[in-house]
2 protein chains.
Amino acid sequence: MRVIVDAMGSDHAPEAQVEGALRALDSHQSLTILLAGPKGCLEAELRKHGAGTGDRLGILDAPQVIAPEEEPVQAIRSKKESSMVRSLRELGRGEAAAAVSAGNTGALLAGSLFICGRIRGVRRPALATVMPTLAGDGMLFLDLGASVDSRAGDLVQHAVMGAVYAREVMNRQVPRVALLNVGEERQKGNSLLREAHELLSEREDGDLEFVGNVEGRDLFQGDLDVVVADGFVGNVTLKVIEGTARALMDMIRSEIDGNLRHQLGGALLRPAFRSVYRRMDYTEYGGAPLLGLREAVIKCHGSSNARAVQNGIGQALFMAQRQVPQIIGSHLDRGAGDTSE
Amino acid sequence: MRVIVDAMGSDHAPEAQVEGALRALDSHQSLTILLAGPKGCLEAELRKHGAGTGDRLGILDAPQVIAPEEEPVQAIRSKKESSMVRSLRELGRGEAAAAVSAGNTGALLAGSLFICGRIRGVRRPALATVMPTLAGDGMLFLDLGASVDSRAGDLVQHAVMGAVYAREVMNRQVPRVALLNVGEERQKGNSLLREAHELLSEREDGDLEFVGNVEGRDLFQGDLDVVVADGFVGNVTLKVIEGTARALMDMIRSEIDGNLRHQLGGALLRPAFRSVYRRMDYTEYGGAPLLGLREAVIKCHGSSNARAVQNGIGQALFMAQRQVPQIIGSHLDRGAGDTSE
């Protein structure tokens, strides 16, 4: 199965992409990779690893690069020869089963929509991520900002799409799905959440178990498989988690620095802190799947290292093998989250 | 100046309220307090401290108690003789300068609105809290959920009300105000945020400095005085911060427990952890001011101890002394955040 890797446009591109691709080829025998980017540059990078193109590794020459700060729609329209646009065109033509990119998120979203298209019946795609939890193996959280100004039907569709991903890729039989809200009771929240709660309660498909609302303070308990929020709230939440974790670690560090006893304690605890960091570290969890598109697309973090790219490629491969887009399509054909309200 | 303390309806009521009131009387010479609750019960609690009623401490007999889980509007309507309703009626009649309650948040909000009323021109009141920051003395964050389904004009009013509080109570000359958003650029976010950004950019009053959008990951830097969010997003954010901090500390604790070296490190670092806890601890920062009401009302956390109540009373006193409601009224008379759009 072939995965396209957009090798440009992120903090450590193309080094991380090339090394990540080589590592992924080692770990997945059924995998072939097409690296998209300026040919000479990618060949030089491959040579550093004593590698070259061959049966399992090809190069898709793309001289242009979309930068992280470019205006997404404008970038997609004007840079037809960019590694991202060429990757998506190749994917849309069926030349690969999945694509991975660590480039401009907005451009990847817009480009995937324009070039690959939405699954029939999906009003808004969603960007999802696997978040670490205290117990269990993490949960899928969406939408991270692919759509803002959501309607209730969008949240229902996102719940269904998230549940398909959780079942097929994360191995959760009947995924437990909740809405992120300000209280557990069904009448809590704004009009969007109250309506989504009602629609999800009325669903009778056995494809997911809707367990109601979850509050932010219980998000990490690990008893949920999928948590759904509007893209605005989801994006704010993700960044607040990042900000809080960083602020807390900074506070602990500044306490340690000021005092000899604390410095000794800090030194003894270093492996413990490192292990917590690792549990919170996105690179362990691969990238963020884009759900609702006709094709399997994985967005890796802009600061991805080789390990994160390797994991993202494995995830893309698995998402395509399990036919996540096709299964989402078959679920939404049954009318889940019909947004004709 | 007289402050009414609703002594009932929270986790440690009335012990925390009575002890907090006695402590506050010690620290503020200009303060008198009226404790609202069942007379016999409050007198018995006072006796434990060798205290009784007198010139500076009175009891407002109120036999009923509103529980934390009661439906707010129903509770306010049916329990006319509750400590909360009687407190607010006394406040509304001008018998005190401010009120403090650690009871049912929704009931306090609804009761304050019905009984004390909104400031002329305010469409939605807001609940605000002082959050700890890495540098500086914290920032005011609002709305925590007093209003959901906000309009852009509400966010503008909340910015103005927050700035008044920051200037008068937190001593920030020209408060730096930001909107919580998913990106820094002005076109980021949903339609609500884009419109609020435009309205705030167009304001020409020198009463606050609008600095644009802030992302969740930069919330704790300490370079802002006021951060404004819609009540739904604000409430989710507050609980996500709490959940993240708790999850991170739990992860560190579970690492420490598993290993002797880590246990030693943890023991050495205990004072450092305690100091971080204290910095994150709401009891240090008093309660949450309700802004947009005709009277000064402070909501203390439902699990408030005596120290939190004491700080909440001091805050209520200061809010009344600095005439925060009156100043908000004079600002909004000038038409800030006119919601006639």
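Computed from a predicted structure; not experimentally measured.

Criteria and thresholds
Residues numbered from 1 in each chain as written. Chains lettered and ligands numbered in written order. Predicted model: local features only at pLDDT ≥ 70, side-chain atom pairs only at ≥ 80, totals over all residues. Heavy atoms only, no water. Salt bridge = Lys/Arg side-chain N within 4 Å of Asp/Glu carboxyl O. Helix = DSSP H or I, 4+ residues; strand = E, 2+ residues; numbered from the N terminus. Buried < 20%, exposed > 50% of the residue type's maximum accessible area, 1.4 Å probe, protein only. Contact = heavy atoms within 4.5 Å. Buried area = accessible area lost by both parts, 1.4 Å probe. Polar contact = N/O pair within 3.5 Å; in protein donor to acceptor, adjacent residues only side chain to side chain. Nonpolar A, V, L, I, M, F, W, Y, C, P; charged D, E, K, R; others polar. Least-squares fit on C-alpha atoms with pLDDT ≥ 70 in both. Axes fitted to C-alpha atoms, helices over the stretch in contact; angles between N-to-C directions. Parallel < 35°, antiparallel > 145°, perpendicular 65-115°, else oblique. Left-handed = near helix turned anticlockwise from the far one by under 90°. Arc of directions from axis to C-beta.

So, about the pattern of salt bridges. Applying the stated criterion to the full structure yields 34 salt bridges over all chains. Between A:Lys48 and A:Glu45 there is a salt bridge whose closest N-O contact spans 3.0 Å. Of this pair, A:Lys48 and A:Glu45 both sit in helix 2 (residues 39-48), separated by three residues, roughly a single helical turn. A:Lys48 gets classed as exposed once you look at its relative accessible area, which sits at 62%. For A:Asp250, the salt bridge is made with A:Arg253, and the minimal N-O distance between the two is 3.0 Å. Remark: A:Arg253 and A:Asp250 occur in helix 8 (residues 231-257); sequence separation between them is three residues, near one turn of the helix. Residues joined by salt bridges that share partners form a network here, namely A:Glu215, A:Arg217, B:Lys239, B:Glu242 and B:Arg246.

Take the interface of chain A and chain B next. Contact with chain A, which involves 53 residues of that partner, is made by 53 residues of chain B. A combined buried area of about 5,000 Å² lies between chain A and chain B, and 72% of that area is made up of carbon and sulfur atoms. Among the residues of chain A in contact with chain B, A:Arg217, A:Phe232 and A:Met251 are the three that bury the most area, contributing 14% of the side total. If you look at where chain A meets chain B, you find four salt bridges. Here chain A and chain B share 16 residue pairs in polar contact (both at pLDDT 80 or more) between them. Those elements that provide at least two residues to the side of chain A that touches chain B are helix 7 (191-202), helix 8 and helix 9 (260-280) of chain A. Ranked by the residues each element gives to the side of chain A that touches chain B, the list is headed by helix 8 of chain A, at 22 residues. Of the residues in the side of chain A that touches chain B, the class split is 28 nonpolar, 14 polar and eleven charged.

For the rest of this paragraph, the subject is the relation of the copies chain A and chain B. Note on the copies: chain A fits chain B at an RMSD of 0.0 Å, the axial shift is 0.0 Å, and the rotation between them is 180 degrees. In symmetry terms, the pair is related by a two-fold rotation axis. The C-alpha atom lying nearest the rotation axis in chain A is that of A:Gly265; the distance is 1.9 Å. An overlap of 100% is found between the interface residues of chain A and their copies at the interface of chain B, pointing to a shared contact surface.

Residues and elements named next belong to chain A. For the pair helix 8 and helix 9, interaxial distance at closest approach is 10 Å and the crossing angle is 165 degrees. Classified by the interaxial angle, the pair formed by helix 8 and helix 9 is roughly antiparallel. Relative to helix 9, helix 8 is oriented so that their crossing is left-handed. Of helix 9, the residues touching helix 8 (which contributes Ala245, Met249, Ile252, Arg253, Glu255, Ile256 and Asp257) are His262, Gln263, Gly266, Phe273, Tyr277 and Met280. The residue makeup of the contact of helix 8 with helix 9, split by class, is seven nonpolar, three polar and three charged.

Residues and elements named next belong to chain A. Taken together, the buried positions of helix 2 are occupied by Leu42, Glu45 and Leu46. For helix 2, the angular spread of the buried residues around the axis is 100 degrees, confining them to a single face. Relative to its buried face, helix 2 has exposed residues pointing more than 90 degrees away, namely Arg47 and Lys48. Close packing links the buried residues of helix 2 with helix 1 (15-27), strand 2 (32-37) and strand 3 (57-61). Trailing helix 2 by a residue or two, glycine 50 shows a phi angle of about 65 degrees, which is positive.

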